[in-house]
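Observations on the three-dimensional arrangement
Here are the chains, one letter per residue:
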Amino acid sequence: VYYWIPVKEEELKNYVLDIHQVKRLGIYRDTIKSADPKSEYVLRPNGCIAIAVAPELFNVDKAYRYMKTVEKTLIKEDSLGVKTLDPYESYENDNDSSKRSIAQGFSYHNGPEWVWIYGMFLLSGVQMFTQELTFPGFMSFLANHKIFFEKTAWMSLPEMTNDNGALCKFSCPAQAWSLAVILEAYYEAKQRLRK
């Protein structure tokens, strides 16, 4: 009753939340009793991490709804990573303005597309949806990564990117944890999913 924001508005009254702050339905909150209450109701991909490491704590239907919302909202066609801010917010790591919330790396952890979180998104899908997901379906989620890997001189994956997989000049071009989590998800998918 604390972390889930239900799909149907009429169900909101059954949960512990501020109805006036809700922007999106069918998502998990990742903070409770924040000093900035509106920040509790923003879609972020942190639920993917929790689902990947502790799938037994999640209702399959709610997790599926949340994951589809993450996929549709925080991952774009050419993305290598998952955005860490809902599109209701804005962010550009290369922004040189003086607006603190979006510029000059002030929000370094809030906004860019992090590749390791994409790996957790994939791993959570493998953990929760072995009946629905096939290995070829899983591999389709790695098409951009394969292209990037083959094109880059580093033969690796970056730490993060800007919007829709755009180069982020502040990102490490070959990040071990990005590659590690993608490989872990690949390994688990190869072991657990239908061919």
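The text that follows walks through the structure, step by step, so that each part is easy to find. This one's a predicted model, so the numbers in the text were calculated from it and none came from an experiment.

Our focus in this paragraph is the environment of K190. Note on placement: K190 falls in helix α6 (residues 176-192). K190 gets classed as partly exposed once you look at its relative accessible area, which sits at 37%. For K190 and P136, which are 54 residues apart along the polypeptide, the C-alpha to C-alpha distance reads 9.8 Å. Not counting residues within four places of it along the chain, the set of residues in contact with K190 comprises F135 and K195.

Right, let's get into the pattern of salt bridges. Considering all chains together, one arrives at seven salt bridges under this definition. A salt bridge links R24 to D86; the shortest N-O distance between them is 2.7 Å. Of the two residues, R24 sits in the loop between β1 (4-5) and β2 (27-28) while D86 sits in the loop between β3 (82-83) and β4 (113-114), which places them 62 residues apart along the sequence. We note a salt bridge from D163 to K76, for which the minimum N-O separation is 2.9 Å. In this pair, D163 is assigned in the loop between β5 (160-161) and α6 and K76 in the loop between α2 (60-74) and β3, connecting sequence segments 87 residues apart. Three or more residues are tied together by salt bridges with common partners; here these are K76, K83 and D163.

Cut-offs applied
Per chain, residue numbering runs from 1 following the sequence as it is written. In keeping with the predicted nature of the model, local features appear solely for residues at pLDDT of at least 70, side-chain atom pairs appear and are counted solely at 80 or more, and the whole-chain, interface and lining totals rest on all residues. Calculation of side-chain values draws on the structure's entire complement of heavy atoms; hydrogens and water are dropped beforehand. What counts as a helix is a DSSP run of H or I of at least four residues, what counts as a strand is a run of E of at least two, and both are numbered from the N terminus. Accessibility here uses a 1.4 Å probe with only protein chains present; expressed as a share of the type maximum, an area under 20% marks a residue as buried, one over 50% as exposed, and anything in between as partly exposed. Should any heavy atoms of two residues lie within 4.5 Å, those residues are counted as being in contact. Criterion for a salt bridge: a side-chain nitrogen of Lys or Arg within 4 Å of a carboxyl oxygen of Asp or Glu.

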